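Single-letter residue listing:
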Amino acid sequence: MNADAHLNLETLNHAALKRAMGCFATGIAVVTTQYEGGDFGMTCNSFNTVSLDPPMVLWSVQKTASSHAAFTRSSGYSVSLLAADQRDIAMHFTRGTPAERFSGVATHRLDSGRIVVDGAVAWFDCALDNVVPAGDHDVLIGRVLDFASNDRPALGYLRGQFMELGA
């Protein structure tokens, strides 16, 4: 097999792997932090529970993400689990400068100084406990300091499409 054929096979397998992983439904969250006097936020679908005692959660950030240093070097992060009617917010936090990502989005600042999205079905404010390198991402494990939730339907993601969860 020549090098070009091998490269094409790797690309094909990567696309197939991504498609296969997309078969697992996830929630959609906006994760925020405060670092060196600025606010940073991004959309993620890798949020998960780690432990109830002590209360811990995790999410992963790509090592090449523009806000990688802010999240891995800050003292913590907040996670806003988006409601089904917040698809536009999910897309809004995927592009632009840090300031542009917060522009026009209803939010409020927690006692920790971190921001959560208004109307989210739940939010968690976390102290950064550990950063674990994992391939092209880092897994950020946080200890939950504060949280709130409601009964609204959540925003989900499956096979590249947004969906309503818990309706």
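As the structure is a computational prediction, the values presented were derived from the model and not from experiment. (Residues numbered from 1 in each chain as written. Predicted model: local features only at pLDDT ≥ 70, side-chain atom pairs only at ≥ 80, totals over all residues. Heavy atoms only, no water.)

Draft legend 1. Here's a closer look at the sheet that holds strand S11 (residues 154-158). Taking strand neighbours across the sheet as the criterion, the three strands line up as S1-S11-S12 in an open arrangement whose pairing is antiparallel. Each having just a single partner strand, strand S1 (26-27) and strand S12 (161-165) make up the two edges of the open sheet. Taken together, the five bridges between S11 and S12 define a ladder with antiparallel strand orientation. In the sheet register, Gly 156 faces S12, and the bridge partner there is Met 163. (Pairing = 2+ DSSP bridges. Helix = DSSP H or I, 4+ residues; strand = E, 2+ residues; numbered from the N terminus.)

Draft legend 2. Representation of the side chain of Asp 125 within the structure. Position of Asp 125 relative to the elements: it lies in strand S9 (residues 122-134). Here the side chain of Asp 125 touches Ser 112 through a polar contact of 2.8 Å, side chain to side chain. Excluding anything up to four places from it in sequence, Asp 125 contacts Tyr 77, Ser 78, Leu 110, Ser 112, Arg 114, Arg 143, Val 144, Leu 145 and Asp 146. (Polar contact = N/O pair within 3.5 Å; in protein donor to acceptor, adjacent residues only side chain to side chain. Contact = heavy atoms within 4.5 Å.)

Draft legend 3. Spotlight on the environment of Gly 113. Take Gly 113: it is sitting in the loop between strand S7 (107-109) and strand S8 (115-117). For the pair formed by Gly 113 and Gly 27, sequence separation is 86 residues and the distance between their alpha carbons is 24 Å. Here Gly 113 is in contact with Gln 34 and Asp 39, once residues within four sequence places are set aside.

As far as function goes, none of this settles anything; it's purely spatial.
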